[in-house]
Amino acid sequence: MFNLIYEFKVKPTSAQVAIFQDGLEQSRQVYNDALRKRKDWVNSRKTPINVCSILYEYIIPADVPAPKYNSQAVALTQAKKSNPELRKVQSQVLQQKLKRLEKAFKGMWNIGS
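Residues numbered from 1 in each chain as written. Predicted model: local features only at pLDDT ≥ 70, side-chain atom pairs only at ≥ 80, totals over all residues. Heavy atoms only, no water.

> Mind showing me how you'd approach the nonpolar core here?
The nonpolar side chains of soluble globular proteins are, as a tendency, buried together. By size, the foremost hydrophobic cluster in this structure holds 11 residues: Val30, Ala34, Tyr69, Ala73, Leu76, Leu86, Val89, Leu94, Leu98, Leu101 and Phe105. Taken together, the elements giving at least two residues each to this core come down to helix 1 (14-43), helix 2 (69-82) and helix 4 (91-109). Among the elements that make up this core, the one with the highest residue count is helix 4 (4 residues). Look past the residues within four positions of Leu86 in its chain and what remains in contact with it is Gln26, Val30, Leu76, Ala79, Lys80 and Leu94. (Core = buried A, V, L, I, M, F, W, Y, C linked by side-chain atoms within 4.5 Å. Buried < 20%, exposed > 50% of the residue type's maximum accessible area, 1.4 Å probe, protein only. Helix = DSSP H or I, 4+ residues; strand = E, 2+ residues; numbered from the N terminus. Contact = heavy atoms within 4.5 Å.)

> Looking at this model, I keep getting lost on the packing of helix 2 against helix 4. Mind explaining?
How two helices sit against one another is set out by the angle between their axes and by the gap between those axes. Contact geometry for helix 2 and helix 4: axes closest at 10 Å, N-to-C directions at 150°. As summarised for this structure, helix 2 and helix 4 are arranged roughly antiparallel, according to the angle between their axes. Seen along the crossing, helix 2 lies across helix 4 with a hand that is right-handed. On the side of helix 2, the interface is formed by Tyr69, Gln72, Ala73, Leu76 and Lys80, while helix 4 contributes Ser91, Leu94, Gln95, Leu98, Lys99, Leu101 and Glu102. Residues that form the contact of helix 2 with helix 4 fall into these classes: 6 nonpolar, 3 polar and 3 charged. (Axes fitted to C-alpha atoms, helices over the stretch in contact; angles between N-to-C directions. Parallel < 35°, antiparallel > 145°, perpendicular 65-115°, else oblique. Left-handed = near helix turned anticlockwise from the far one by under 90°. Nonpolar A, V, L, I, M, F, W, Y, C, P; charged D, E, K, R; others polar.)

> Mind showing me how you'd approach the confidence of the model for the chain here?
In low-pLDDT regions, the fine details of the predicted coordinates are not to be read closely. Mean pLDDT over the chain stands at 87; residues scoring 70 or higher make up 87%. Across the chain, the secondary-structure element scoring lowest on mean pLDDT is helix 4, at 91, and the one scoring highest is helix 2, at 94. (pLDDT = per-residue confidence, 0-100.)

> Would you explain the pattern of salt bridges in this entry?
Opposite charge on two side chains makes pairing possible when the charged atoms of those side chains draw close. Per the stated rule, a full pass over the model turns up 5 salt bridges. Across the pair Asp33 and Lys37 runs a salt bridge, and its minimum N-O distance is 3.3 Å. You can see Asp33 and its partner Lys37 sitting in helix 1, 4 residues apart, about one turn around the helix. Classification of Lys37 as partly exposed rests on a relative accessible area of 39%. Ionic pairing is found between Arg36 and Asp40, a salt bridge with its closest N-O pair at 2.9 Å. (Salt bridge = Lys/Arg side-chain N within 4 Å of Asp/Glu carboxyl O.)

> Would you mind going over the side chain of Lys80 with me for this structure?
Of note, Lys80 is situated in helix 2. For Lys80, the side chain forms a polar contact with the side chain of Ser91, separated by 3.4 Å. Residues contacting Lys80, with those up to four places away along its chain left out, are Leu86, Arg87, Val89, Gln90, Ser91 and Leu94. (Polar contact = N/O pair within 3.5 Å; in protein donor to acceptor, adjacent residues only side chain to side chain.)

Below is the structure:
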């Protein structure tokens, strides 16, 4: 029995390359924005017990829960309504970036392993 393997090389046009690069850029921005919100939340809770520093004052109210995948996915939906650049990229692609970030944070804190 023979197995035939076909190999195809993708040769996108310059217009397609521009679309791919734009999609990658939007994905990068969504990931970095979600990461920034998580880091800001964590840093706002790093106040030393015996010292009140101007650098570590709460920049986010104390009763705000930590950003998680679900809350960031809802924020992404709202952002897609107001940002035409985000509408060009499929929702599933951007949601995968948020899932990857959630997995990274769970791994960092050893949560849910």
